[in-house]
Amino acid sequence: MMVSLYSTKLPHQLNQARTFIACRIKWVSDPYLDTVVSKEKNLKQVISFKNQLISSPSKSLPLSTLSLLKPYFNLSTTALNFFHKYYTVFSQFQPSPSLPFHIKLTPQAFSLHKEEQLILKSQPLRDDTIKRLAKFLMLSGAKRLPLHIVDRFKYDLGLPHDYITALLSDYPEYFNVCEDKDCLTNNDSFFLELVSWKDELAVSEMEKRVSLEDLRNVKRGERIGFPLNFPDGFDLKKKVRDWVFEWQGLPYISPYENAFHLNPNGDQAEKWTVTVLHELLWLLVSKKTEKENVLRLGDYLGFGNRFTKALVHHPGIFYVSNKIRTQTVVLREAYRKGFLVHKHPLMGMRFRYIRLMSIAKKKRRKSVGGVSHSQLQRQVSSTKKGIERNAKYKSREEENGSSESEFEDVGSSDSNLEGANNDGTRKMKM
């Protein structure tokens, strides 16, 4: 059910009092939007690992090195199992018998990466990315945010993984990296700031739509309502529907204005909060992001728990999916039956990565690059045990003055490495 309210009717009360009906709004799942979130499962992790490999001069890295990134990429399994699962993206190989196993991209994945780079380096997309990033910083009012907050949205904004050197360094008239005190942690931190305010960018998506539809400039304080879209089976009580209609008729305050002077518990302040949330999600290439990202940004913007309340009070504007081990906030109007209405070029590339990943999910292979999964686990475990035993005997040699030949014979033989893997100890998980 799609409802678009651009109401010119004045609400009965335009004061700052809270008039929201004190009743529980039932959460109803949306199968289409849940599918949107679910089909991107592990996509962010795949692209993150891909970027790590591409950053290496040899375009490959040891499995042990990549395994250290498991907590940072929020993997639900070991890195070894992850690479084995997506064997159409990652290939495992051993450069030489004396070196540990390495991971590299498959030819298909590397080909997709090269196409992705052509898109990222195209001037129209670079200009679009710069404008969206500038508007993102302008939402803060202070025109700057900590780099760790920007990094949280890096993937959703469609920024290159090395965006500071690969993109921002070419736009010194727009951006600057500075060091200052973090207002929440009280620690010194690096910030990304907009050099100067851009009046031409301080126009929200909602204001732009009205201008295009009515062929006029939007006046300050004009009454603009948000498109509402409810899933099948969702039903608002009459008193809530009445409140929503009244609330939609409140004046629209631009997300690029400072409206913190409003009573934070008032309806007008809540509409401004929704306006900021709406504009934030519209700036993202997929029109969605993890709820934790939204809440962390809200803390730095000064909204506190007001973002959380807005998500609960307005299920016709925002949807919170509980799929893929997290909560994801989705802008409802951006999708029609699970498909993006306006597809960003990067989303087209991401869907191609998803298709490559799905081949591996449909047809699991017992061996990867000629090396079986169990064989690779044994080799990784054996290598680690061999290194530990070499260190042990080397220490003993230094203490007892034993000859180098004896050390090599005891610590480096294939039989002892094999014994290290068969002595009943647990295998290392990477």
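Further up the page is the structure itself.
Read on for an overview of the structure. (Residues numbered from 1 in each chain as written. Predicted model: local features only at pLDDT ≥ 70, side-chain atom pairs only at ≥ 80, totals over all residues. Heavy atoms only, no water.)

**Considerations on the overall build of the chain**
Scanning the chain from terminus to terminus reveals 18 helices and 15 strands. The buried share of the chain, taken over its 430 residues, is 49%. When contacts within the chain are restricted to residue pairs at least 6 apart in sequence, long-range pairs at least 24 apart make up 71% of them. Roughly 21,900 Å² of accessible area belongs to the chain as shown, and the carbon and sulfur atoms make up 52% of that amount. (Helix = DSSP H or I, 4+ residues; strand = E, 2+ residues; numbered from the N terminus. Buried < 20%, exposed > 50% of the residue type's maximum accessible area, 1.4 Å probe, protein only. Contact = heavy atoms within 4.5 Å. Areas by Shrake-Rupley, 256 points an atom, 1.4 Å probe, with all protein chains shown as cover.)

**Regarding the packing of helix 5 (residues 107-121) against helix 15 (residues 345-362)**
As a packed pair, helix 5 and helix 15 sit with axes 10 Å apart at the nearest point and diverge in direction by 175 degrees. Of the possible angle classes, the one that applies to helix 5 and helix 15 is roughly antiparallel. Judged by residue contacts, Gln108, Ala109, Leu112, His113, Glu115, Glu116, Ile119 and Leu120 of helix 5 engage Pro345, Leu346, Met349, Arg352, Tyr353 and Leu356 from helix 15. When the residues that make up the contact of helix 5 with helix 15 are grouped by side-chain class, the tally is 9 nonpolar, 2 polar and 3 charged. (Axes fitted to C-alpha atoms, helices over the stretch in contact; angles between N-to-C directions. Parallel < 35°, antiparallel > 145°, perpendicular 65-115°, else oblique. Nonpolar A, V, L, I, M, F, W, Y, C, P; charged D, E, K, R; others polar.)

**Brief notes about the sheet that holds strand 3 (residues 90-93)**
The strand order 2-4-3 describes an open sheet built from 3 strands, whose pairing is antiparallel. Unpaired on one side and paired on the other, strand 2 (60-62) and strand 3 mark the two borders of the sheet. Ignoring strand direction, the axes of neighbouring strands in this sheet form an average angle of 30 degrees. Judged from the 4 bridges that link them, strand 3 and strand 4 (residues 102-105) form a sheet pairing that is antiparallel. Paired with Phe93 across the two strands is His102, which belongs to strand 4. Contacting strand 2, strand 3 and strand 4, helix 2 (residues 43-55) runs over the sheet at an angle of about 105 degrees to strand 4. (Pairing = 2+ DSSP bridges.)

**Quick notes on the packing of aromatic side chains**
Under the definition given, this model contains 20 aromatic pairs. Ring geometry for Phe49 and Phe73: centres 4.8 Å apart, planes at 85 degrees, overall edge-to-face. Taken together, the residues span a long stretch of sequence, with Phe49 in helix 2 and Phe73 in the loop between helix 3 (63-67) and helix 4 (79-85) at a distance of 24 residues. With respect to class, Phe49 is no different from Phe73; both count as buried. A ring pair is formed by Trp272 and Phe303, whose centres lie 5.1 Å apart and whose planes are at 40 degrees; its orientation type is tilted. In this pair, Trp272 sits in helix 12 (residues 267-283) while Phe303 sits in the loop between helix 13 (291-301) and helix 14 (306-313), placing the two residues 31 residues apart along the sequence. On the basis of relative accessible area, Trp272 is assigned to the buried category, the value being 2%. The class of Phe303 is buried, set by a relative accessible area of 4%. A network of ring pairs unites the aromatic residues Phe49, Phe73, Phe82, Phe83, Tyr86 and Phe90 as a single cluster. A cation over a ring is seen here: Lys39 above Phe351, with NZ or CZ 5.2 Å from the ring centre. Cation over ring: Lys287 sits above Trp282, and NZ or CZ is 4.7 Å from the ring centre. (Phe/Tyr/Trp six-rings, centres within 6.5 Å; stacked < 30°, edge-to-face > 60°. Lys NZ or Arg CZ within 6 Å of the ring centre and 35° of its normal.)

**Concerning unusual backbone geometry**
Unlike most non-glycine residues, Lys59 shows phi in positive territory, near 60 degrees. With respect to the helices and strands, the residue Lys59 is situated in the loop between helix 2 and strand 2. If you check the backbone angles, Ile324 has positive phi at about 50 degrees while not being a glycine. Looking at the secondary structure, you find Ile324 in the loop between strand 10 (318-321) and strand 11 (328-331).

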